[in-house]
Amino acid sequence: MSNQPAPADHARQPLEPAAADAVRAYAAKTREEADQFAAVLEDIAENGLPSVEDCTPWEDLREAHLARLAAQRPAVA
């Protein structure tokens, strides 16, 4: 992103207050997730990779995620 203001001939449209709040909430959630990811990477850099016994296989993570998605979706008749 640029720190320079937008040119005058390309005026920006302000958002509705509810839309602006939604964008701010999304930015906060994204920032929180990025901070969590950065903390994991810093831990790996400091302490090395965790042992295989302490890890969850990706297949288990995938199945759990698919189950969460299926639970959110209404059943189709």
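Please refer to the structure higher up on the page.
Rules used throughout
Residues numbered from 1 in each chain as written. Predicted model: local features only at pLDDT ≥ 70, side-chain atom pairs only at ≥ 80, totals over all residues. Heavy atoms only, no water. Helix = DSSP H or I, 4+ residues; strand = E, 2+ residues; numbered from the N terminus. Buried < 20%, exposed > 50% of the residue type's maximum accessible area, 1.4 Å probe, protein only. Areas by Shrake-Rupley, 256 points an atom, 1.4 Å probe, with all protein chains shown as cover. Salt bridge = Lys/Arg side-chain N within 4 Å of Asp/Glu carboxyl O. Expected span 1.5 Å × (residues − 1).

Colleague: Sorry if this is basic, but what is going on with the overall build of the protein here?
Modeller: Of the regular secondary structure elements, the protein holds 2 helices and 0 strands. The proportion of buried residues among the 77 residues of the protein is 1%. When the accessible surface of the protein is totalled, it reaches about 7,700 Å², and 59% of it is carbon and sulfur.

Colleague: Sorry if this is basic, but what is going on with the pattern of salt bridges here?
Modeller: Where side chains of opposite charge bring their charged atoms close, a pairing between them can arise. Overall, the coordinates contain 3 salt bridges when judged by the stated rule. Residue Lys29 pairs with Glu33 through a salt bridge whose shortest N-O separation is 2.9 Å. Of this pair, Lys29 and Glu33 both sit in helix α1 (residues 17-47), 4 residues apart, which is roughly one turn of the helix.

Colleague: What's the story with α1 in this structure? I'm lost.
Modeller: At 3.6 residues per turn, the α-helix brings residues three or four places apart onto the same side. The end-to-end C-alpha distance of α1, which contains 31 residues, comes to 45 Å, matching closely the 45 Å that a straight helix rising 1.5 Å per residue would cover. Positive backbone phi, at 85°, marks Gly48, one or two positions downstream of α1.

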